[in-house]
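Descriptive analysis of the structure
Listed here are the chains, written in short residue letters.
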Amino acid sequence: QVQLVESGGGLVQTGGSLRLSCAASGRTFTSNTMGWFRQAPGKEREFVSAIRRSGGNTYYADSVKGRFTISRDNAKNTVYLQMNSLKPEDTAVYYCAADPSGGYYYTRASDYDYWGQGTQVTVSS
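Residues numbered from 1 in each chain as written. Predicted model: local features only at pLDDT ≥ 70, side-chain atom pairs only at ≥ 80, totals over all residues. Heavy atoms only, no water.

**Here we look at the packing of aromatic side chains**
In total, this model carries seven aromatic pairs according to the counting rule given. Residues Tyr 59 and Tyr 106 carry aromatic rings whose centres are separated by 3.9 Å and whose planes lie at 25 degrees to one another, so their mutual orientation is stacked. You can see Tyr 59 sitting in strand E6 (residues 58-60) and its partner Tyr 106 sitting in the loop between strand E9 (92-99) and strand E10 (114-115), a full 47 residues away along the chain. For Tyr 59, a relative accessible area of 21% translates into the label partly exposed. Summarising the aromatic geometry, the rings of Tyr 104 and Tyr 105 are spaced 5.0 Å apart at their centres and angled 85 degrees between planes, so their arrangement reads as edge-to-face. What makes Tyr 104 exposed here is its relative accessible area of 67%. (Phe/Tyr/Trp six-rings, centres within 6.5 Å; stacked < 30°, edge-to-face > 60°. Helix = DSSP H or I, 4+ residues; strand = E, 2+ residues; numbered from the N terminus. Buried < 20%, exposed > 50% of the residue type's maximum accessible area, 1.4 Å probe, protein only.)

Laid out in structure tokens, this is it:
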């Protein structure tokens, strides 16, 4: 079992920045591929970013590439999502997810076994 708790969401103006954190506990953290997803009202949950266990391989949705940065601190069992140049269309509930097996695929919600409760990010225009 892996427990995930997100924090760092909030209200920010267009062009602003936020840093989301996801604290993991339970099963060995370093065995996981970690991902961030988001879900806006009336829309499906979508992939934002993912990072492999070593932190060496990172992946981003085209919509956030160049603006968001994912990182992890395995000593602290925490994964981060630094979000810069935020836009109103980034408004959503952001979820942290863990894939203990570190499978090949990482962009689908079904690739992950554990999820946090989500944190709201609102970007005002």
